[in-house]
Amino acid sequence: ATPTAVTVGIGRGAELGILVKNGEALEISEKLTTFLFDKTGTLTKGKPEVTNLIGITMDDKYLLELAASVESNSQHPLAKAIVTKAQDNDLNLHEAEEFNTFGGKGVSAMVGRKNVLIGNRTLLNDNGILIQDTEEELISKLEEEGKTAVLVAVDNLLSGILGVADTLKENTPQAISELKKMGLEVVMITGDNKRTAEAIANRIGIDKVMAGVLPEDKSAEVKRLQDKGEVVAFVGDGINDAPALAQADVGIAIGGGTDVAIESGEIVLIKDDLLDAVAGVQLSSKVMGRIK
Ligand code: ADP
Ligand code: MG
């Protein structure tokens with residue numbers, strides 16, 4: 001493309017709400033073969049809500065109280081959902097000490113004399129905490145509904161399960177379908193578990209899912225696709241996503257995402273609308289002279 005065409009393209013992008021930080025991203029976009037989407041906050045709104053409270057060794061109210069006391073120290077969207085639910089129920093939170101975060105797994109803290117661990121199966125496995133068959137059934141059921149099961153262990157015993165659901169962004173299914181129509185491979189990548197991720201992917205029309213990916217491994221997955229000859233766009237919103245956005249051939253950040261993600265992306269979707277990612281690819285083809 002001529003420098004003028006690129007400049008015009010960047011200007012046109014700006015009108016559409018697509019911030020193109022460098023012209024090169026616009027030139028490469030036309031060559032993309034794969035779109036890799038982060039799940040939470042990118043395909044979904046990233047504002048999850050607690051939908052289920054399942055006390056096992058304690059009543060539901062105390063389960064929520066304990067979980068929220070620990071999660072009030074975390075910035076994770078799941079944590080915010082749990083704290084909000086406790087506030088909505090006017091629960092009193094307790095002091096949590098020795099708070100710890102395990103990236104992509106969960107959190108822990110002492111609440112009084114109770115050692116509380118909150119997170120996924122991996123976190124419980126790492127700590128040698130068993131999940132009974134009946135409990136596994138409850139977890140699977142939530143996951144098949146596309147919910148994230150947040151496991152709460154107290155003194156090394158699984159004591160309750162919270163079901164947390166996130167809503168899809170309005171235009172997500174349409175954006176995915178448009179990208180597929182353009183012949184692009186569409187993949188979801190998430191730290192969430194396989195069953196939840198696949199239930200959500202099904203609803204959206206995504207057939208390929210990379211689940212249980214630790215935050216630090218997302219960029220390695222991008223690299224792996226590139227090594228296979230794919231030209232990869234990564235779309236993400238979180239701090240976790242910054243290395244993958246940088247590694248991708250084109251990093252596309254959600255405008256409402258975290259500052260670090262926005263800094264790492266070469267293209268920013270100002271309106272948080274995934275249809276603008278589609279428009280970005282079309283714009284690129286136009287700039288490169290393939291669409292008349
Ligand atoms: P995503 O890729 O969906 O943004 P993360 O990598 O942030 O997910 O987290 C992966 C998983 O780790 C979550 O689905 C959850 O099971 C667990 N997890 C992470 N942080 C927390 C937390 N503060 N409380 C409970 N669970 C958590
Ligand atoms: Mg995210």
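Being a predicted model, the structure only gives us computed values, none of them experimental.

J.: Just checking my understanding: could you explain the coordination of the magnesium ion (ligand 2) for this structure?
T.: Between any two of four tetrahedral donors, the ideal angle at the metal is 109.5 degrees; between two of six octahedral donors, it is 90 or 180 degrees. Bound to the magnesium ion (ligand 2) on the protein side are Asp38 (OD), Thr40 (O) and Asp237 (OD), at distances that span 2.0 to 2.3 Å. For the magnesium ion (ligand 2), the single-chain donor residues occur in sequence as D-x1-T-x196-D. You can see Thr40 sitting in helix α3 (residues 39-43) and its partner Asp237 sitting in the loop between β11 (232-236) and α11 (242-247), a full 197 residues away along the chain. For Thr40, a relative accessible area of 26% puts it in the partly exposed group. Judged by relative accessible area, Asp237 falls into the buried class, the value being 16%.

J.: Looking at this structure, how should I read the layout of surface pockets?
T.: Empty space among the atoms can be located by rolling a probe the size of a water molecule over them. Estimated volume of the second largest pocket: approximately 160 Å³. Every residue lining the second largest pocket is listed: Ala5, Val8, Gly9, Arg12, Leu16, Ala279, Gln282, Leu283, Lys286 and Val287. At the level of elements, α1 (3-16) and α13 (275-287) are the ones that each hand at least two residues to the lining of the second largest pocket.

J.: What exactly am I supposed to notice about the site of ligand 1 here?
T.: If you check the shell around ligand 1, you find 19 residues, and the closest are Thr40, Glu71, His76, Gly104 and Gly191. At 3.4 Å, a backbone N or O of Lys105 approaches an oxygen atom of ligand 1. Asp192 is positioned such that a nitrogen or oxygen atom in its side chain is 3.3 Å from an oxygen atom of ligand 1. For ligand 1, whose accessible area on its own is 560 Å², the fraction buried by protein is 94%. For the shell around ligand 1, the elements supplying multiple residues, two or more each, are β5 (106-111) and β6 (114-119). A per-class count over the shell around ligand 1 returns four nonpolar, eleven polar and four charged.

Here is what the cut-offs are and how they apply
Numbering of residues starts from 1 in every chain and runs along the sequence as written. The naming scheme follows written order: chains are lettered A onward, ligands numbered 1 onward. In keeping with the model being predicted, local features are shown solely for residues with a pLDDT of at least 70 and side-chain atom pairs are shown and tallied solely at 80 or more, while totals for entire chains, interfaces and linings include all residues. Only hydrogens and water are set aside when side-chain values are computed; all heavy atoms of the structure are taken into account. Here a donor is any nitrogen, oxygen or sulfur atom (N, O, S) within 2.8 Å of the metal, with 3.2 Å used for Na, K and Ca; water is not among the atoms considered, so some sites may look incomplete. Helix and strand assignments come from DSSP, with helices taken as H or I runs of at least 4 residues and strands as E runs of at least 2, each series counted from the N terminus. Think of it in three bands: with a 1.4 Å probe and only protein chains considered, a residue is buried below 20% of the maximum accessible area for its type, exposed above 50%, and partly exposed in between. Cavity: a set of points on a 1 Å grid over the protein atoms alone where a 1.4 Å probe fits but cannot get out. Pocket: an open set with protein on both sides within 12 Å along at least five of seven lines, its lining residues, like those of a cavity, having an atom within 4 Å of a point. Grid points are joined across faces, edges and corners, and a volume is the space filled by probe spheres set on the points. Distances are taken per atom, and a residue is near a molecule or strand as soon as one of its heavy atoms is within 4 Å of it. Polar contact is the term for a pair of N or O atoms within 3.5 Å; when the atoms are in protein, one must be able to donate a hydrogen and the other to accept it, and sequence-neighboring residues count only if both atoms are side-chain atoms. Where accessible areas are quoted, they stem from the Shrake-Rupley method and a 1.4 Å probe; at the residue level, only the protein chains shown are allowed to cover. When residue character is reported, Ala, Val, Leu, Ile, Met, Phe, Trp, Tyr, Cys and Pro are called nonpolar, Asp, Glu, Lys and Arg charged, and the others, Gly included, polar.

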